[in-house]
Amino acid sequence: MLDIVIKNGKVVHPDRTIETDVGIRDGKVVLLGKAELMPEAARYVDATGKYVIPGGIDPHTHFEDPPFMGAECRADFFQGTRAAAVGGTTTCIDFAVQGNYGTRLPLDVIGMRLEMARKSAIDYAFHAVVTKNDPETIGQIQEIINMGIPSFKCFMTYEAEGIMADDATILAVMQEMKEHNGIFGAHTENDSIASRNIRQALAAGKGDAIWHALTKPPLVEAEAINRVLFLAKSTGAAFYDFHMSCKEGVEMIASARKQGLPVYAETLTHYLVLTQDVLEGPDGPNYICSPPLRTQDHVDALWQGIVEGNVHTVGSDDNAFDTKQKRMGGPSFESVPNGIPGAEFRIPVVFSEGVSKGRISVNQFVAITSTNAAKILGLYPRKGIIEVGSDADIVLIDPGIEKTIRVADSSLDLDWTPFEGLKVTGWPSMTISRGKVIVEDGQFKGDAGHGEFLKRKLPGDINTRQIV
Ligand SMILES: [Zn+2]
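Below: a short report on this structure.

With that out of the way, let us pick up the overall build of the chain. For the chain, the helix and strand inventory stands at 13 helices and 19 strands. What you see for the chain is a C-alpha radius of gyration of 21 Å, in line with the 23 Å of a compact globule of 468 residues. Structurally, the chain occupies a C-alpha span of about 70 × 50 × 40 Å along its principal axes. A burial count over the chain gives 62% of its 468 residues as buried. Partitioning the contacts of the chain with sequence separation of at least 6, the portion at a separation of at least 24 is 76%. Summed over all atoms, the accessible surface of the chain reaches about 16,700 Å², with 49% contributed by carbon and sulfur. The chain carries 46 positive and 61 negative side-chain charges, and their two centres are separated by 2 Å.

Here we come to the side chain of Asp65. With respect to the element layout, Asp65 can be found in the loop between β8 (56-58) and α1 (77-86). A polar contact is formed between the side chain of Asp65 and the side chain of Arg113, at a distance of 3.5 Å. Excluding residues that lie within four positions of it along the chain, Asp65 makes contacts with Cys73, Asp94, Tyr101, Arg113 and Asn319.

Bringing unusual backbone geometry into the picture now. Omega for the bond connecting Ser290 with Pro291 falls within 30 degrees of zero, at -5°, which places this linkage in the cis form. By the secondary structure assignment, Pro291 is in the loop between β14 (263-268) and α10 (296-307). Residue Pro381 is bonded to the preceding Tyr380 through a cis peptide linkage, with omega at 0°. With respect to the helices and strands, Pro381 occurs in the loop between α13 (362-376) and β16 (394-404). The residue Tyr101 is not glycine, and still its phi comes out positive at about 55°. What makes Tyr101 partly exposed here is its relative accessible area of 29%. Of note, Asn181 is a non-glycine position whose phi angle comes to about 70°, a positive value. Mapped onto the elements of the fold, Asn181 is located in the loop between α5 (167-179) and β12 (183-187).

Formed by 102 residues in total, the largest nonpolar core has its most connected members in Phe152, Ile170, Val173, Phe184 and Phe365. Setting aside residues no more than four positions away along its own chain, Phe365 makes contact with Ile53, Ile347, Val350, Phe351, Val355 and Ile360. Residues Ala71, Val129, Phe242 and Ile376 belong to the second largest nonpolar core, which totals 26 residues.

Next up on the list: empty space enclosed by the protein. In the structure shown here, the tally under the stated rule is two cavities of 30 Å³ or more. In this structure, the largest cavity encloses a volume near 80 Å³. Taken together, 13 residues line the largest cavity, and the ones lying closest to its centre are Pro341, Phe345, Ser410, Leu412 and Thr417. The computed volume of the second largest cavity comes to approximately 40 Å³. Surrounding the second largest cavity, Pro54, Gly55, Ile57, Thr90, Thr91, Arg382, Lys383, Gly384, Ile385, Asp391 and Asp393 form its lining. For the lining of the second largest cavity, the class distribution of residues is three nonpolar, four polar and four charged.

Its location among the elements puts Thr81 in helix α1. Exposure remark for Thr81: the relative accessible area of 0% places this residue in the buried category. A distance of 3.3 Å separates a polar atom in the side chain of Thr81 from the backbone oxygen of Phe78. A distance of 2.8 Å separates a polar atom in the side chain of Thr81 from the backbone nitrogen of Ala121. With residues near it in sequence (within four places) discarded, Thr81 still touches Phe63, Asp76, Cys92, Ser120, Ala121 and Ile122.

The next subject is the coordination of the zinc ion. Every protein donor of the zinc ion is listed here as His60 (NE2), His62 (NE2) and Asp317 (OD), and their distances to the metal cover 2.0 to 2.2 Å. On the primary sequence, the residues serving as donors to the zinc ion are separated as H-x1-H-x254-D. Placement of His62 in the loop between β8 and α1 and of Asp317 in the loop between β15 (313-315) and α11 (323-327) is noted, with a sequence separation of 255 residues between them. The same class applies to His62 as to Asp317, namely buried.

By the element assignment, Phe63 lies in the loop between β8 and α1. In the structure, Phe63 is positioned 31 residues away from Asp94 in sequence and 7.1 Å away in space, judged by C-alpha atoms.

Turning our attention to the pairing of strand β11 (residues 151-155). Of all five residues in β11, five are buried, a share of seventy percent or more. Here β11 shows a buried face lined by Ser151, Lys153 and Phe155 and a second buried face lined by Phe152 and Cys154. Here β11 pairs with β12 via five bridges, running parallel. Within β12, the residue paired with Phe152 across the bridge is Phe184. After leaving β11, the chain enters α5 and then returns to the sheet as β12, a path that is right-handed.

With that settled, consider the pairing of strand β17 (residues 423-433). A large share of β17 lies buried, amounting to nine of its eleven residues. Pairing between β16 and β17: eight bridges, direction antiparallel. Opposite Lys403, over in β17, you have Val424 as the bridge partner. With four bridges connecting them, β17 and strand β18 (residues 436-440) associate as antiparallel partners. Of the residues in β18, the one forming a bridge with Ser433 is Lys436.

Rules used throughout
- Residues numbered from 1 in each chain as written.
- Predicted model: local features only at pLDDT ≥ 70, side-chain atom pairs only at ≥ 80, totals over all residues.
- Heavy atoms only, no water.
- Helix = DSSP H or I, 4+ residues; strand = E, 2+ residues; numbered from the N terminus.
- Rg over C-alpha atoms; globule rule 2.2 N^0.38 Å.
- Buried < 20%, exposed > 50% of the residue type's maximum accessible area, 1.4 Å probe, protein only.
- Contact = heavy atoms within 4.5 Å.
- Areas by Shrake-Rupley, 256 points an atom, 1.4 Å probe, with all protein chains shown as cover.
- Lys, Arg positive; Asp, Glu negative; His and termini not counted.
- Charge placed at Lys NZ, Arg CZ, Asp CG, Glu CD.
- Polar contact = N/O pair within 3.5 Å; in protein donor to acceptor, adjacent residues only side chain to side chain.
- Core = buried A, V, L, I, M, F, W, Y, C linked by side-chain atoms within 4.5 Å.
- 1 Å grid on protein atoms, 1.4 Å probe; cavity = no way out; pocket = protein on both sides within 12 Å on 5 of 7 lines; lining within 4 Å.
- Points joined across faces, edges and corners; volume = space filled by probe spheres on them.
- Nonpolar A, V, L, I, M, F, W, Y, C, P; charged D, E, K, R; others polar.
- Donors = N, O, S within 2.8 Å, 3.2 Å for Na, K, Ca; no water.
- Pairing = 2+ DSSP bridges.
- Right-handed = clockwise from strand over helix to strand, strands pointing away.

Any link to function would need more than the numbers given here.
Shown next, in the form of structure tokens:
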């Protein structure tokens with residue numbers, strides 16, 4: 001007896017699409033083939049005309065973050081993962097930032113984040129953020145990897161906020177995690193150049209939201225990518241560029257990959273659909289995030305990077321603040337907490353802008369929203385693919401549904417969405433997490449606490465081979 005059989009759909013892999021039914025039992029995919037040849041199931045789901053895709057993996061969320069620039073995150077792990085699930089995501093990878101919540105060492109904060117995340121509606125994992133390079137901190141890296149957290153992140157900016165890692169810290173983390181089979185990631189922005197630009201702009205009375213983007217131009221990001229790529233090449237560490245937003249980044253990643261280096265780039269949903277023009281609109285401050293939104297040529301370059309295999313994953317960088325929080329520091333851009341929500345709409349927006357608009361194939365869509373993250377970040381083949389033995393994390397996409405995104409329809413209790421008014425073609429109609437239907441026709445039917453912590457493990461040759 002099976003729990004669920006999904007019939008008549010098109011199962012999408014990163015490299016091909018096959019018409020096959022999917023048999024699910026005890027949270028796993030157990031059979032592929034014709035439903036008639038399978039044991040009877042408790043439930044049959046008709047997927048005629050729909051794509052059956054591996055559940056989305058959001059490699060970049062910030063649920064239940066501590067106050068940032070004075071503002072408390074408006075989505076806790078349950079609210080955030082519930083919204084993500086409604087939008088077709090079944091795994092999120094969040095962060096544990098050394099120093100947050102008054103912690104001293106990385107393992108302290110990891111323990112706290114694991115506790116907070118227990119209420120999650122979908123499976124979750126963490127990247128470890130290291131901000132210091134004292135021996136005790138570096139000495140914990142091996143244990144962190146062994147407990148299933150093999151990806152690290154350093155902030156190359158946010159010195160004023162106390163979480164920036166200097167170059168020596170970056171080098172120390174790279175060297176240590178490379179010894180123990182981890183992957184190094186970074187938030188790439190040059191802090192001192194941005195700070196100087198910001199000081200000059202404010203001194204000249206330029207505080208409008210658009211100046212956030214103008215004081216952090218592509219140069220600020222590109223310099224940091226160039227520097228960290230040099231350090232990664234020198235140490236032989238695998239590298240993952242978090243939330244890349246500029247064409248210079250695409251070019252540098254492409255050139256590093258041509259040399260055979262194991263480097264990868266993540267971009268974000270909003271960099272693929274919005275430009276910095278929104279910063280000049282009435283809700284400009286809401287759109288302040290780092291790196292900032294760019295001009296259309298950068299949007300185009302990121303899509304081209306996806307097509308050519310130089311941009312590998314799309315995250316949301318979900319960090320929910322409401323309009324009041326965005327403006328509580330005053331009118332100047334520099335006092336606006338950085339971050340925008342987006343986990344809920346990542347899958348539909350990328351599907352619509354990518355597949356429905358003909359920029360990418362449905363297979364490339366699955367690669368950038370699920371499979372590649374699973375492979376690069378150590379979840380494959382448990383996640384990121386619909387194969388016998390994989391977790392039954394499955395989403396049905398109805399490519400015929402047309403919708404206009406409205407904040408009123410959002411699952412988050414928030415007063416705005418960056419995608420307000422965007423017309424979307426294609427929408428997730430069902431989300432299955434480990435064999436359980438948790439979203440059906442837009443209705444959340446899951447439970448707080450259904451999500452499990454995913455212990456990740458990277459392939460032994462992560463530092464010497466391009467995984468995707
Ligand atoms: Zn982030």
